There are 2 protein chains.
Amino acid sequence: MNTHTSNSEKALLTEALFSNRIQHVPRSFIREILKVAVGKDMISFAGGLPNPQLFPVAELQESCNRVMLHTGQDALQYSNSEGYLPLREYIAQRYWQQQKIRINPVNILITSGSQQGLDLLGKVFINPGDRVVIEEPGYLGAIQAMSIFEPQFIPIPLEADGMYPEALNEACSRHSPKLMYVVPDFQNPSGQSYSDSTRKRIAGIVDQYNLLLVEDNPYSDIRFAGQRKKSFYEWLPEKTLLLGTFSKTAVPGFRLGWIVAPDAIMEKLIVAKQAADLHTNTFTQQVLFDFLTHNDLEKHIARIAHTYGAQCQAMTTAIEDHFPAEVTFSRPEGGMFLWAQLPPEWSSKKLFDRAIEQKVAFVPGAPFYVNKFNDSTLRLNFSCTHPDTIRKGIQVLGELLTLQRN
Amino acid sequence: MNTHTSNSEKALLTEALFSNRIQHVPRSFIREILKVAVGKDMISFAGGLPNPQLFPVAELQESCNRVMLHTGQDALQYSNSEGYLPLREYIAQRYWQQQKIRINPVNILITSGSQQGLDLLGKVFINPGDRVVIEEPGYLGAIQAMSIFEPQFIPIPLEADGMYPEALNEACSRHSPKLMYVVPDFQNPSGQSYSDSTRKRIAGIVDQYNLLLVEDNPYSDIRFAGQRKKSFYEWLPEKTLLLGTFSKTAVPGFRLGWIVAPDAIMEKLIVAKQAADLHTNTFTQQVLFDFLTHNDLEKHIARIAHTYGAQCQAMTTAIEDHFPAEVTFSRPEGGMFLWAQLPPEWSSKKLFDRAIEQKVAFVPGAPFYVNKFNDSTLRLNFSCTHPDTIRKGIQVLGELLTLQRN
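Computed from a prediction, not measured in an experiment: that's the story for all the values here.

Draft legend 1. Structural detail: the sheet that holds strand S8 (residues 240-245) of chain A. All names here are of chain A. Taken in spatial order, the eight strands of this open sheet run S2-S9-S8-S7-S6-S3-S4-S5, and their pairing is mixed. Only two strands of the sheet have a single neighbouring strand rather than two, namely strand S2 (108-112) and strand S5 (162-163). With three bridges joining them, strand S3 (residues 131-136) and strand S6 (residues 179-182) adopt parallel strand pairing. For Ile 134, the partnering residue across the bridge sits in S6 and is Tyr 181.

Draft legend 2. Highlighting helix H13 (residues 348-357) of chain A. Residue and element names in this part refer to chain A. Along H13, the residues classified as buried are Ser 348, Leu 351, Phe 352, Ala 355 and Ile 356. Projected down its long axis, H13 carries its buried residues within an arc of 130 degrees, all on one side. Where H13 is buried, its residues meet helix H3 (29-36), strand S12 (360-361), strand S13 (363-364), strand S14 (377-381) and helix H14 (387-405). Structurally, the start of H13 carries an N-cap: the backbone nitrogen of Lys 349 is 3.3 Å from a side-chain oxygen of Ser 347. Within two residues after H13, Lys 359 carries a phi angle of roughly 65 degrees, on the positive side.

Draft legend 3. Just the domain arrangement of chain A, in detail. Residue and element names in this part refer to chain A. In terms of domain boundaries, chain A breaks down into domain 1 (13-55 + 299-405) and domain 2 (74-294). Placing a centre on the C-alpha atoms of domain 1 and another on those of domain 2 gives a separation of 24 Å. Taken together, the 35 residues of domain 1 in the interface contact 32 residues of domain 2. At the boundary of domain 1 with domain 2, total buried surface from both sides reaches about 2900 Å², with 68% on carbon and sulfur atoms. Counting every contact that joins domain 1 to domain 2 gives three salt bridges.

Draft legend 4. Geometry of the confidence of the model for chain A. All names here are of chain A. Residues of chain A with pLDDT of at least 70 account for 96%, and the chain-wide mean is 94. Here residues 1-9 is modelled with pLDDT under 50, and outside its nearest four sequence neighbours on either side it reaches three contacts, counting other chains as well. Quick note on the complex model: pTM equals 0.95, ipTM equals 0.95.

Draft legend 5. View of the interface of chain A and chain B. Counting from both sides, the interface comprises 80 residues of chain A and, opposite them, 80 residues of chain B. Of the roughly 7000 Å² buried between chain A and chain B, counting both surfaces, carbon and sulfur atoms make up 57%. The three residues of chain A that bury the most area against chain B are Leu 17, Leu 76 and Tyr 78 of chain A, which together make up 11% of that side's buried surface. At the junction of chain A and chain B, the tally comes to two salt bridges. Between Asp 119 of chain B and Lys 123 of chain A there is a salt bridge whose closest N-O contact spans 2.6 Å. Counting across the interface, chain A meets chain B through 41 residue pairs in polar contact (both at pLDDT 80 or more).

Draft legend 6. Region of the structure containing the environment of Gly 398 of chain A. Residue and element names in this part refer to chain A. By the element assignment, Gly 398 lies in helix H14. Considering only alpha carbons, one finds Gly 398 and Phe 323, 75 residues apart in sequence, at a separation of 4.3 Å. Residues contacting Gly 398, with those up to four places away along its chain left out, are His 322, Phe 323 and Pro 324.

Draft legend 7. Seen up close, unusual backbone geometry. Residues and elements named next belong to chain A. Here the residue pair Asn 188 and Pro 189 is connected by a cis peptide bond, since its omega of 20 degrees sits within 30 degrees of zero. Relative to the helices and strands, Pro 189 resides in the loop between S6 and helix H9 (196-207). Residue Lys 100 is not a glycine yet carries a positive backbone phi of 55 degrees. In this structure, Lys 100 sits in the loop between helix H5 (85-99) and S2.

Draft legend 8. Representation of the packing of helix H8 (residues 165-175) of chain B against helix H9 (residues 196-206) of chain B within the structure. All names here are of chain B. Where H8 meets H9, the closest approach of the two axes is 10 Å, and the angle between their N-to-C directions is 10 degrees. By the criterion of interaxial angle, the relationship of H8 to H9 is roughly parallel. Contacts between H8 and H9 involve Pro 165, Glu 166, Leu 168, Asn 169 and Cys 172 on the former and, on the latter, Thr 198, Arg 201, Ile 202, Ile 205 and Val 206. By residue class, the composition of the contact of H8 with H9 is six nonpolar, two polar and two charged.

Draft legend 9. Helix H7 (residues 140-147) of chain A, seen in detail. With eight of eight residues buried, H7 of chain A is to be regarded as a mostly interior element. Restricting attention to buried positions, one finds in H7 of chain A the residues Leu 140, Gly 141, Ala 142, Ile 143, Gln 144, Ala 145, Met 146 and Ser 147 of chain A.

Draft legend 10. Quick look at the sheet that holds strand S11 (residues 337-341) of chain B. All names here are of chain B. In space, the four strands of this open sheet follow the order S10-S11-S14-S13, with antiparallel pairing throughout. Of all the strands in the sheet, just strand S10 (328-329) and strand S13 (363-364) have a single pairing partner and so form its edges. In this sheet, strand S14 (residues 377-381) lies alongside S13 in antiparallel orientation, the contact comprising two bridges. Bridge pairing in S14 links Val 363 to Arg 379.

Draft legend 11. Focus on the packing of aromatic side chains. Scanning all chains against the criterion turns up 22 aromatic pairs over all chains. Ring centres of Tyr 84 of chain A and Phe 289 of chain A lie 5.9 Å apart, and the angle between their planes is 75 degrees; on these two criteria the pair is classed as edge-to-face. Here Phe 289 of chain A lies in helix H11 (residues 282-294) and Tyr 84 of chain A lies in the loop between helix H4 (57-76) and H5, a separation of 205 residues in the sequence. Here Tyr 95 of chain A and Trp 258 of chain A contribute two aromatic rings whose centre-to-centre distance is 6.3 Å and whose plane-to-plane angle is 90 degrees, an arrangement assigned as edge-to-face. A residue pair is termed long-range when its members are at least 10 positions apart, and Tyr 95 of chain A in helix H5 and Trp 258 of chain A in strand S9 (residues 256-260) qualify at 163 residues. You'll find Tyr 95 of chain A and Trp 258 of chain A in the same group, each marked buried. Each residue in the set Tyr 95, Phe 246 and Trp 258 of chain A is aromatic and connected to the rest through ring pairs, giving one cluster. For the cation-ring pair, Arg 102 of chain B lies above Trp 96 of chain B, with the distance from its terminal atom to the ring centre recorded as 4.0 Å.

Draft legend 12. Layout of the pattern of salt bridges. All told, the structure shown has 36 salt bridges over all chains when counted by the stated rule. Two residues, Glu 320 of chain A and Arg 331 of chain A, come together in a salt bridge whose shortest N-O distance is 2.7 Å. Here Glu 320 of chain A, found in helix H12 (residues 297-322), pairs with Arg 331 of chain A, found in the loop between strand S10 (328-329) and strand S11 (337-341); they are 11 residues apart in sequence, far enough to count as distant. The class for Glu 320 of chain A is partly exposed, based on a relative accessible area of 45%. The salt bridge partner of Lys 229 of chain B is Glu 333 of chain B, with a shortest N-O separation of 3.8 Å. Taken together, the residues Lys 229 of chain B in the loop between strand S7 (212-216) and strand S8 (240-245) and Glu 333 of chain B in the loop between S10 and S11 connect sequence positions 104 residues apart. For Glu 333 of chain B, a relative accessible area of 27% gives the class partly exposed. Among the ionic contacts, a cluster of salt bridges with common partners joins Asp 185, Arg 199, Arg 223, Lys 229 and Glu 333 of chain A.

Draft legend 13. Focus on the side chain of His 279 of chain B. Relative to the helices and strands, His 279 of chain B resides in the loop between helix H10 (263-277) and helix H11 (282-294). From its side chain, His 279 of chain B meets the backbone nitrogen of Ser 79 of chain B in a polar contact 3.2 Å long. Apart from the residues lying within four places of it in its own chain, the contact partners of His 279 of chain B are Arg 255 of chain A together with Gln 77, Tyr 78, Ser 79, Asn 80, Ser 81 and Lys 273 of chain B.

Draft legend 14. Spatial organisation of the state of the cysteines. For the structure shown, the criterion picks out zero disulfides over all chains. Of the cysteine sulfurs around Cys 312 of chain A, a residue in no disulfide, the closest is that of Cys 384 of chain A, at 14 Å.

Draft legend 15. View of the pairing of strand S2 (residues 108-112) of chain B. Residues and elements named next belong to chain B. Burial analysis of S2 places five of its five residues in the buried class, the great majority of the element. Note that S2 and strand S9 (residues 256-260) share five bridges and pair antiparallel. The residue bridging Ile 110 from the neighbouring strand is Trp 258, located in S9.

Conventions and cut-offs
Along each chain, the written sequence defines residue order, and numbers are assigned to residues from 1. Throughout, the order in which chains and ligands are written sets their labels, letters from A for the former and numbers from 1 for the latter. Given that the model is predicted, a residue must reach a pLDDT of at least 70 before its local features are reported, and side-chain atom pairs must reach 80 or more before they are shown or counted; all residues, however, enter totals for whole chains, interfaces and linings. Derived side-chain values reflect all non-hydrogen atoms in the structure, with water molecules and hydrogen atoms excluded from consideration. If DSSP finds at least two bridges between two strands, the strands pair. Helix and strand labels come from DSSP, where a helix needs a run of H or I of at least four residues and a strand needs a run of E of at least two; each type is numbered from the N terminus. Working definition: with a 1.4 Å probe on protein chains only, accessible area under 20% of the residue-type maximum means buried, over 50% means exposed, and in between means partly exposed. Note that the arc is computed from the directions linking the helix axis to the C-beta atoms. Whether two residues are in contact is decided by their heavy atoms: any pair within 4.5 Å suffices. Any N or O atom pair separated by 3.5 Å or less is treated as a polar contact, with the protein-specific requirement of one donor-capable and one acceptor-capable atom, and with residues adjacent in sequence counted only for side-chain atom pairs. In this entry, domain limits derive from an automatic or database-based domain assignment. The term buried area denotes the loss of accessible surface (1.4 Å probe radius) that occurs when two parts are joined, taken as the sum for both partners. Here, a salt bridge means any Lys or Arg side-chain nitrogen found within 4 Å of an Asp or Glu carboxyl oxygen. A residue's pLDDT is the confidence the predictor assigns to it, expressed on a 0 to 100 scale. Fitted lines through C-alpha atoms serve as axes, helices being fitted only where they are in contact, and the angles separating the N-to-C directions of these axes extend from 0 to 180 degrees. Angle categories are assigned with fixed cut-offs, so that under 35 degrees is roughly parallel, over 145 is roughly antiparallel, 65 to 115 is roughly perpendicular, and the rest are oblique. Under the convention adopted here, Pro, Cys and the residues Ala, Val, Leu, Ile, Met, Phe, Trp and Tyr are nonpolar, Asp, Glu, Lys and Arg are charged, and Gly plus all remaining residues are polar. Here is the rule: rings of Phe, Tyr and Trp (six-membered ring for Trp) pair when centre to centre is within 6.5 Å. Planes less than 30 degrees apart are stacked, more than 60 are edge-to-face, and the remainder are tilted. Only when the NZ of Lys or the CZ of Arg is both within 6 Å of the ring centre and within 35 degrees of the ring normal is a charge said to sit over the ring. For this text, the term disulfide refers to a pair of cysteine sulfurs within 2.5 Å.

Okay, here's the thing in structure tokens:
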């Protein structure tokens, strides 16, 4: 037996040790795409990053210095699993100021990004085979996080004004889902938002079943058109779990998000949090809190929304100018993404391959679908690209799409 | 039906939604104890915290400023799931310098504390009912993290020189465990270390089975007596997963740990990491790397080891002076904990209740045992307490123990 044979036998043995659940998690297609979509001369609508030019670097540096000076030892020590209380109080207060929603800070758990919120919810609720309602197309990070716990996803199509209520009602009565995951404002990937009337109808349906609604709202503050909509929490305070994050409004690299949950659920989430990583980074929690108390977050957010709004406008106008009329697309009122729908016989994967040759990248829609293959949609990110570059890139895509028509 | 009835019905319904796994996780007894063990006049041997007086606050502040100035936008942005490459290269280099172990940086995954390493290993390997060998007494954080994935733990008694090899061999042949979790240096809670000969015997056993050995080494650098021992990696490079952390050597609040794993396992761990929280805090990874390149870590660690060594010595001497001769205790060569064994008919819980009245706290040993109740052991932490205070506190415990004898 030579070394080569011996090594492959070992590999086989390792394979046998893996858990069932890790086989169920989809590989990140976007990760692969982002590897292709790098390079200085690449126009990329593929990413999903906040614009780093808007990061409050100087202000956060000041906060680092203040925290080190005033509470250095404490800010570098282990801390509690629930999170830094002043930060949780700030979040509670902001729910009140922005949305007139009353949250007790003890019902807020600080998480390592809102992605961790999804992991903890999966741990606390999902047994293998449990039904989870998601949007179609759906947020890939949520699909990945929950897949670890082997649910059966029930995808409900998203319409222009939100999830289709009749389909939800049927899914609830037929499948008895435990959880329902929604991104009601400027959804990733579609850029669509739920209307107030759809929210009300959906809340009415959820109220009839033993079901928790997870409202993930990473983008809701980044609104550049229209009016703020109501949270599901207003109709369903005991059945709504709120996920939030500072990644889009302040700083993504600190990995600071939160979950709002009722007492009984919070107790379980804290156990899961402690098992997962003991607690969230103490220092950056304190730095962010210092930043929030020394700066005007609303003004900062307004600047982000203004920039993204101008970029979205440039993209929308360029699409109108350059895409064939058969292509429809969403009109986001905020967030970072726009969604385009090709005629069903066209291929966004083919478009992707040709676009990459011309140094333009985007994400084909296929990975955002569960249980089915859809090759005729694409996601376009506008948060990180200058309007002039957006126009150039969209023109290239428009020309390639026109070729597909012929 | 009044409101109260309606509310309790709702609570009942929530209960029905919880997953099976969350019912299996032990509540943190230590968490409860630490709540009792606060207060300025309390002498606490209950915690498990590094000494904050030794935190390099000024140096880390300098590093924060350098990172903000030089790579601010990049350090605040989302980053890759594997972790900051220069930090992984530093870790690989240090394995070589300290232990002559060659690790490729691509086989290092940065985690949100080494606690997260345990969560990711649980996700990647443990199906409900899978057997996992642990030490008895065992590290509570590992028991909690893995319990989420519903293994059957096989506890193997720890002797003065490590896990009892015969018992391990029998457990492997009878139960076919997938994983084995060991803390070979200055274990938490026992303070015991494995001798080189026990390591060799255990490696020989593990080599015969399809089994991965998880070597968790949070304390190995904090050695104040004796000689560094060999890692299991030297005998079992393809079967050993190494867990490491900067929490004890530099800064716990940054939550920075790592896993070393072979390619095939690393691929799965990265999928699990991405699902768990996308990636570890970008900023503090860069700050820590800057700190490591601008300061002498070995000198800093020597200072920590010197301080803890003096405190351990004070505790050992005070125990010899004040504890009844029936009580035996470990002689740690490093780390932060010492373990005492009472005669089996004495109660460490009773001792705890009386000690709290006298403003002295420690952790009774019961929570460190799985599948059995042991009321005659206790864990004493010495890392955070001045030698004079250690002597006072141990004297109080000695007097209370002498009362138990009578």
